[in-house]
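# Survey of secondary and tertiary structure
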Amino acid sequence: MIEIKNLTKQYGSITAVNNISFTANKNEILGFLGPNGAGKSTTMNMIVGYLPPTSGEILIDGMSMNDNPREVKKKIGYLPELPPLYLDMKVIEYLRFVAGIKEVPKSEREHQVARALSRLKITDMKKRVIKNLSKGYRQRVGFAQALIGDPQVLILDEPTVGLDPNQTMEVRNLINMLRKDHTIIFSSHILQEVSAVCDRIVIIDKGQIKAIDTKDKLTGASSEIVYVIKVEGVCADAEKALRCIDGIKNIMEINFLDEKTSEFKVELEDEEVRKAIVAKMTEEDFAIAEIRRISSSLEDVFASFTRGKSYSGLASSETDEDSK
């Protein structure tokens, strides 16, 4: 449905987006993650046709943005981080205006406006002036305008900004519902949101894609071997013993559970170090109440990739998805 091929955006000597390629399949929710300044918004602005790329190609449903920008833009609904609202208009006036701009046939405009109001649960706000709405309701109005025109593709940039927890849950449920009829690219700084909603995740940093895959494969691909060790005994002595073990790369965290028990989070060079830990702590007369490996969270993976780690699964992941 969405194909991004060798997309690059340069501002003079600065390269904001550097030769990236990825796809989003029909009815897929693709998460787009990256730190501030990574190139997320620039990429989204190019996909929707707001910014021209320096080079590369954007295809929506097989149609090129370069060759048919007007027709391609009709297939896209866009919610930027700051919704494009006319604050002096009433909600229903604004959505009718958007329907006209998007060239929705006159016979369908009222139906589409009513459906967008209903989906975002703002029907009772339709006669309110937008500038008098709370930030959360303004965000909903911005989301509603993205649905006008019944686009095949939705580009959502921070769609839950300004919403309370209940509203956030409603928007999350709405996004899951919309996947039945739309392909969605969903950008958010809230990793839990991306984890809960998205089928696959793109991680971008410094204008380059670092990883593309499902959450489960990304978290499973982390090279870090991290164990939690619960030890009975004097904490300082237990820490000293652990630091003497070859193969413990880092003691990441120490928690005092009670006067006799401490918990250590340690990073190991390899799995064999676990045996050395058990042997050393037994030799030093420490009782190990628990030792277990913990899987990486999406936050851990995100931090790892944006600190310069490469992901060997990138190419194979794209190939697998393209073959579907």
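Further up the page is the structure itself.
Rules and cut-offs
Residues numbered from 1 in each chain as written. Predicted model: local features only at pLDDT ≥ 70, side-chain atom pairs only at ≥ 80, totals over all residues. Heavy atoms only, no water. Buried < 20%, exposed > 50% of the residue type's maximum accessible area, 1.4 Å probe, protein only. Helix = DSSP H or I, 4+ residues; strand = E, 2+ residues; numbered from the N terminus. Pairing = 2+ DSSP bridges. Salt bridge = Lys/Arg side-chain N within 4 Å of Asp/Glu carboxyl O. 1 Å grid on protein atoms, 1.4 Å probe; cavity = no way out; pocket = protein on both sides within 12 Å on 5 of 7 lines; lining within 4 Å. Points joined across faces, edges and corners; volume = space filled by probe spheres on them. Core = buried A, V, L, I, M, F, W, Y, C linked by side-chain atoms within 4.5 Å. Contact = heavy atoms within 4.5 Å. Phe/Tyr/Trp six-rings, centres within 6.5 Å; stacked < 30°, edge-to-face > 60°. Nonpolar A, V, L, I, M, F, W, Y, C, P; charged D, E, K, R; others polar.

## Examining helix 1 (residues 40-47)
- Extensive coverage of helix 1 is indicated by the burial of seven of its eight residues.
- Looking only at helix 1, the buried set comprises Lys-40, Thr-42, Thr-43, Met-44, Asn-45, Met-46 and Ile-47.
- After helix 1 finishes, the residue Gly-49 shows a positive phi value of roughly 90 degrees.

## What to know about the pairing of strand 12 (residues 248-256)
- Inspection of the sheet shows strand 12 paired to strand 13 (residues 261-268) by seven bridges, in the antiparallel sense. Each bridged residue has a counterpart across the sheet, and for Ile-251 the counterpart in strand 13 is Val-266.
- Counting the residues in the hairpin turn of strand 12 and strand 13 gives four residues.

## Here we look at the pattern of salt bridges
- For the structure shown, the criterion picks out 18 salt bridges.
- Of the charged contacts in the structure, one is a salt bridge between Asp-199 and Arg-179, with a shortest N-O distance of 2.3 Å. Placement of the pair is Asp-199 in the loop between helix 7 (191-197) and strand 9 (200-205) and Arg-179 in the loop between helix 6 (165-178) and strand 8 (183-187), with a sequence separation of 20 residues.
- Judged by relative accessible area, which is 29%, Asp-199 ranks as partly exposed.
- As a salt-bridge pair, Lys-280 and Glu-284 come within 3.2 Å of each other at their nearest N and O atoms.
- A single salt-bridge network, built from bridges that share partners, covers Arg-70, Glu-71, Lys-74 and Glu-103.

## Considerations on unusual backbone geometry
- Even without glycine at this site, Asn-19 takes up a positive phi of about 55 degrees.
- Looking at Asn-19, the relative accessible area reads 44%, which means it is partly exposed.

## Quick notes on the sheet that holds strand 5 (residues 63-64)
- One open sheet holds the four strands; their spatial order is 2-1-4-5, and the pairing between them is antiparallel. Edge positions in the sheet fall to strand 2 (14-24) and strand 5, since each has one partner strand and no second.
- In this structure, strand 1 (residues 2-11) lies alongside strand 4 (residues 55-60), joined through five bridges in antiparallel fashion. Each bridged residue has a counterpart across the sheet, and for Glu-3 the counterpart in strand 4 is Leu-59.

## A word on empty space enclosed by the protein
- Within this structure, the stated rule accounts for one cavity of 30 Å³ or more.
- The computed volume of the largest cavity comes to approximately 40 Å³.
- Lining the largest cavity are Gln-112, Arg-115, Ala-116, Arg-119, Leu-147 and Ile-148.
- Among the elements that take part in the lining of the largest cavity, helix 4 (residues 106-119) stands out by supplying four residues, more than any other.

## Here's the deal with the nonpolar core
- Ranked by size, the top nonpolar core spans 46 residues in total, and within it Phe-143, Ile-175, Phe-186 and Ile-203 carry the most contacts.
- Examining the composition of this core, we find that six residues originate from one element, helix 3 (residues 91-101), more than from any other.
- Leave out the neighbours within four places in its chain, and Ile-203 touches Leu-33, Gln-208, Ile-209, Lys-210, Ala-211, Leu-218, Val-301, Phe-302, Phe-305 and Thr-306.
- With 28 residues, the next largest nonpolar core counts Phe-22, Leu-30, Phe-32 and Ile-58 among its residues.

## Section: the packing of aromatic side chains
- Under the counting rule described, the total for this entry stands at three aromatic pairs.
- Taking 5.5 Å as the distance between ring centres and 90 degrees as the angle between the ring planes, the aromatic pair formed by Tyr-86 and Phe-97 counts as edge-to-face. In this pair, Tyr-86 sits in the loop between strand 6 (76-79) and helix 3 while Phe-97 sits in helix 3, placing the two residues 11 residues apart along the sequence.
- Take Tyr-86: its relative accessible area is 47%, and that puts it in the partly exposed class.

## Focus: the layout of surface pockets
- There is about 790 Å³ of room inside the largest pocket.
- Lys-73, Ile-76, Ile-101, Lys-102 and Gln-145 are the residues nearest the centre of the largest pocket, which is lined by 25 residues in total.
- Elements supplying a minimum of two residues to the lining of the largest pocket: helix 2 (69-74), strand 6 and helix 3.
- Grouping the amino acids of the lining of the largest pocket by side-chain chemistry returns 15 nonpolar, five polar and five charged.
- Its volume calculated, the second largest pocket comes out at about 180 Å³.
- Glu-81, Leu-82, Pro-83, Leu-85, Leu-87, Lys-135, Arg-138, Gln-139 and Val-161 are the residues that line the second largest pocket.

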